[in-house]
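Each chain, letter by letter, is given below.
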Amino acid sequence: MSDRLSQNHRLKTGSDEKMIRISGIIEESIVDGPSLRFVVFTQGCVHNCKGCHNPETHSLEGGYLMGVSEIVKAYKNSGAAGITISGGEPFLQGEALAFLGEEIHKLGGNVITYTGYTHMELSKLQMNTPSVKKLLQETDLLVDGPFILDERTVDRPFIGSANQKIISLSKKGDSLLHLIRA
Ligand code: SF4
């Protein structure tokens, strides 16, 4: 775990604009969390889960760079209730994504973050990786854990395998969890 992706982005752009390496964006989704969601698929993953549905997101050099301000502009136009950050592995770009989360919160939206790390792993990592701490602070609902093919499930909404957990990290997260369980 490191901040290498976000550091690279700053070097490449030479500006203060926070850049995120993304695989793609879906401006209106109803399958990546409750209500209408704006989804950012980040590029770059280190987990290599067997049976992953998004192998094209694994390369750390693939995808394309997009500025946070451009993403926020598209989010505002979408009418979504919040943003879902998926992957790839979002916590490889924690600093820039935390900045994005902060902007979404300023607009009254909520933030769901998917990760291949468990919440426990992230809780330990955040002690010496500030970018992990920042993204956790800007996440309302965390969907944690790697995709495990042998535990694949279609019975629980918004998760792919039974080991994954949906964890509230804020009051907004509590409301989202309530919507999921209603
Ligand atoms: S964490 Fe997600 S993107 Fe990464 S390999 Fe696992 S399922 Fe695929």
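Residues numbered from 1 in each chain as written. Predicted model: local features only at pLDDT ≥ 70, side-chain atom pairs only at ≥ 80, totals over all residues.

Engineer: Explanation requested: the environment of Thr 84 in the structure shown.
Structural biologist: Looking at where Thr 84 falls in the secondary structure, it is placed in strand 4 (residues 82-86). Taking the C-beta count within 10 Å as the criterion, Thr 84 has 24 such neighbours and is therefore assigned buried. With 55 residues separating them in the primary sequence, Thr 84 and Ser 29 have C-alpha atoms 9.3 Å apart. Residues contacting Thr 84, with those up to four places away along its chain left out, are Asp 32, Gly 33, Arg 37, Val 39 and Ile 112. (Helix = DSSP H or I, 4+ residues; strand = E, 2+ residues; numbered from the N terminus. Buried ≥ 20, exposed ≤ 12 C-beta atoms within 10 Å, placed from the backbone. Contact = placed C-beta atoms within 7 Å.)

Engineer: What am I meant to see in the site of the ligand here?
Structural biologist: Close contacts around the ligand come from 13 residues, with Cys 45, Cys 49, Cys 52, Gly 116 and Phe 147 the closest. Considered class by class, the residues forming the shell around the ligand number five nonpolar, seven polar and one charged. (Near = placed C-beta within 6 Å. Nonpolar A, V, L, I, M, F, W, Y, C, P; charged D, E, K, R; others polar.)

Engineer: Help me understand the environment of Leu 135 in this model?
Structural biologist: Tracing the backbone through its elements, the reader meets Leu 135 in helix 5 (residues 130-137). The sequence separation of Leu 135 and Leu 97 amounts to 38 residues, and the corresponding C-alpha distance is 6.5 Å. Not counting residues within four places of it along the chain, the set of residues in contact with Leu 135 comprises Pro 90, Phe 91, Gly 94, Leu 97, Ala 98, Gly 101 and Thr 113.

These results come straight from atomic positions and should not be treated as a statement about function.
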